[in-house]
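Next come the chains, spelled out residue by residue.
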Amino acid sequence: MANIVIDRIRKSFGAFQALKEVSLTINDGEFVSLLGPSGCGKTTLLRIIAGLETSTSGDVRIGDRSIIGLAPKDRGLAMVFQNYAVFPHMTVYENVAFGLRMQKADDTRVKAQVEKAAGLLHIEPYLDRYPNKLSGGQRQRVAVARALAVQPKVLLMDEPLSNLDALLRLEMRTELKTVLQSAGTTTIYVTHDQTEAMGLSDRIAVMHNGVVEQVGHPVEIYNHPATRFVGGFIGNPPMNFIKVPVSNGQVAAGEEQLAAPKDVGNEIVLGLRGEAVELAPLPQGLEMKVRVAEPMGSHLLLTGSIHDQPVRVILPASETVKSGDTIGLKLDSKRITWLSPESGKSFPALLA
Ligand SMILES: Nc1ncnc2c1ncn2[C@@H]1O[C@H](COP(=O)(O)OP(=O)(O)OP(=O)(O)O)[C@@H](O)[C@H]1O
Ligand SMILES: [Mg+2]
């Protein structure tokens, strides 16, 4: 079994708390992304799991065994670093073979595994070259190939695709998903790219300022963010947040009355995904002033305001709204997230 239990990990650098108390369980064979903005503690957490950094307190277990006291090489995991460290004095072939040589694998196995990993990452033409004759993206692929070549039970990857161009990134993303799924590898994948995390992950852990704000299936996190931070970080455009008055337990959206959660004050924040709307005539619909209309081909992106608060919504490409128009919107009431104006937490999360 290669499930990983991260149990109340804290990490301070001097007075600065980089990780505040992070607990997370990654199941055997699962692909979990750590997603969050720069500086939120993703690399620090990964380095603690790998044994390259010591935690201030807390435990990490693989299976039932605590690995916190073990040397990195005894932890049975492979890691791809954010700065894709490759050995400059070794050819690409030897770089990819490195972990297998450490395991004293015979030449036949080394050759088979190196070729397989190199094929997957499209680096076969460079196997005889030294890393200083490669581009950043090629070097990064060598680092990923080196980690895959040992067929680890647990794989830790820190922004492994960040140096690739958009097309290659998309292709590698799909291939990584396929190969890791078929090998049953337990993977922790660090990224600040929400599209990548959504596409790859069985579950996403959204991190912010050294804490995990929410863990869940990508679609669940997208539709039901636990906090304003999560809703704003996930999705393009991000979730809209509109502060609205509550009267008699209801919120007016044009002529329609929406039921607010019980026991709220006289204001609430309405969290609305940009695509959870459709055009409606005024005054039935909720009024939106459109500042800019951008036809994107696949859809129409509208930037403007509702109740004088900034919003972005998405309509089908066939709609003919123009910059400067005032339009009405019908909100999909099933897709609204209600949040507390004070804490920024969503109401189901508050009740839990
Ligand atoms: N050795 C260190 N000494 C002091 N502070 C550190 C050290 N390493 C990391 N930090 C701080 O801890 C916080 C978390 O850093 P970390 O590298 O984990 O962020 P990250 O989420 O990986 O960000 P990025 O997306 O930019 O890679 C940052 O504020 C960083 O400045
Ligand atoms: Mg990092």
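This text follows the structure it describes.
Everything numeric here is computed off the predicted structure, so don't read it as measured data. In this numbering scheme, every chain counts its residues from 1 along its sequence in written order. Chains and ligands are labelled by the order in which they are written, letters from A for the one and numbers from 1 for the other. Reporting of local features is limited, given that this is a predicted model, to residues whose pLDDT is at least 70; pairs of side-chain atoms are given and counted only at 80 or more, and all residues count toward the totals for whole chains, interfaces and linings. With hydrogens and water set aside, each side-chain value is computed from the structure's full complement of heavy atoms.

Asker: I'd love a proper account of the overall build of the protein, names of residues and values included.
Answerer: Helices and strands together make up the secondary structure of the protein, namely 9 helices and 20 strands. By its C-alpha atoms, the protein is 75 × 45 × 35 Å across when sized along the principal axes. Three exposure classes are used, based on accessible area relative to the maximum for each residue type with a 1.4 Å probe and protein chains only: buried under 20%, partly exposed in between, and exposed over 50%. Evaluated residue by residue, the protein yields a buried proportion of 49% over its 352 residues. Throughout, a residue-residue contact means that at least one pair of heavy atoms, one from each residue, lies within 4.5 Å. Across the protein, every contact between residues at least 6 apart in sequence was considered, and the portion connecting residues at least 24 apart equals 63%. Per element, the accessible surface of the protein, about 16800 Å² overall, is 52% carbon and sulfur. Here Asp and Glu are counted as negative and Lys and Arg as positive; His is not counted, and neither are the chain ends. For this purpose, a charge sits on NZ of Lys, CZ of Arg, CG of Asp or CD of Glu. Taking the 37 positively charged and 37 negatively charged side chains of the protein as two groups, their mean positions are separated by 6 Å. A run of H or I in DSSP counts as a helix once it spans at least four residues, and a run of E counts as a strand once it spans at least two, with each numbered from the N terminus. Surface exposure here means Shrake-Rupley accessible area, sampled with a 1.4 Å probe, where a residue is shielded only by the protein chains that are shown.

Asker: An account of the sheet that holds strand E6 (residues 77-80) is needed here, citing residue identities and associated values.
Answerer: Taken together, 6 strands build an open sheet; the order of strands is E6-E7-E8-E3-E9-E10 and the sheet is mixed. The open sheet is flanked by E6 and strand E10 (211-216), the only strands paired with a single partner. The sheet shows a mean angle of 15° between the axes of neighbouring strands, direction not considered. For strand E7 (residues 154-158) and strand E8 (residues 186-191), the ladder comprises 5 bridges, and the chain directions are parallel. Directly across from aspartate 158, in E8, lies its bridge partner valine 190. The pairing criterion is simple: DSSP has to find at least two bridges between the two strands. Axis definition: a line fitted to C-alpha atoms, limited for helices to the stretch in contact. Angles are taken between N-to-C directions and run from 0 to 180 degrees.

Asker: Pulling in residues and values, what's your account of the environment of valine 251?
Answerer: Checked against the element boundaries, valine 251 lands in strand E12 (residues 250-253). Every residue in contact with valine 251, bar those within four places of it in the chain, is listed here: Val244, Pro245, Val246, Glu256, Gln257, Leu258, Ala260, Ile268, Leu270 and Trp338.

Asker: Can you explain the site of ligand 1? Please cite residues and give values.
Answerer: In the region of ligand 1, the neighbouring residues are Phe13, Phe16, Ala18, Pro37, Ser38, Gly39, Cys40, Gly41, Lys42, Thr43, Thr44 and Gln82. One of the backbone nitrogen or oxygen atoms of cysteine 40 is found 3.2 Å away from an oxygen atom of ligand 1. When ligand 1 is considered free in solution it has 640 Å² of accessible area, and contact with the protein chains removes 61% of it. Counting residues per element, the shell around ligand 1 draws most heavily on helix H1 (residues 42-50), at 3 residues. Whether a residue is near a molecule or strand depends on its heavy atoms: it is near if one of them lies within 4 Å of it. In protein, a polar contact means a hydrogen-donor-capable atom and an acceptor-capable atom, both N or O and within 3.5 Å, with residues adjacent in sequence counting only if both atoms are side-chain atoms; elsewhere, any N or O pair within 3.5 Å suffices.

Asker: Mind laying out the pairing of E6, listing which residues take part and the relevant values?
Answerer: Residues of E6 alternate between two faces, with Leu77 and Met79 on one and Ala78 and Val80 on the opposite face, all of them buried. Inspection of the sheet shows E6 paired to E7 by 4 bridges, in the parallel sense. Within E7, the residue paired with methionine 79 across the bridge is leucine 156.

Asker: Describe the nonpolar core, and please don't skip the residues or the numbers.
Answerer: Residue types Ala, Val, Leu, Ile, Met, Phe, Trp, Tyr and Cys, when buried and joined through side-chain atoms within 4.5 Å, form a set referred to as a nonpolar core. Core analysis: the biggest nonpolar cluster contains 38 residues, and Val92, Val96, Val114, Ile123 and Leu176 have the highest contact counts within it. Going through the elements one at a time, E6, helix H2 (92-102), helix H3 (107-120), helix H4 (136-149), E7 and helix H5 (166-183) are the ones with two or more residues in this core. The biggest single contributor to this core is H4, with 7 residues. For valine 92, the residues in contact, after removing those within four places along its chain, are Ile123, Tyr126, Leu127, Arg129, Leu134 and Val142. Counting residues in each nonpolar core, the second largest holds 29 residues, with Ala276, Ile306, Val321 and Ile336 among its members.

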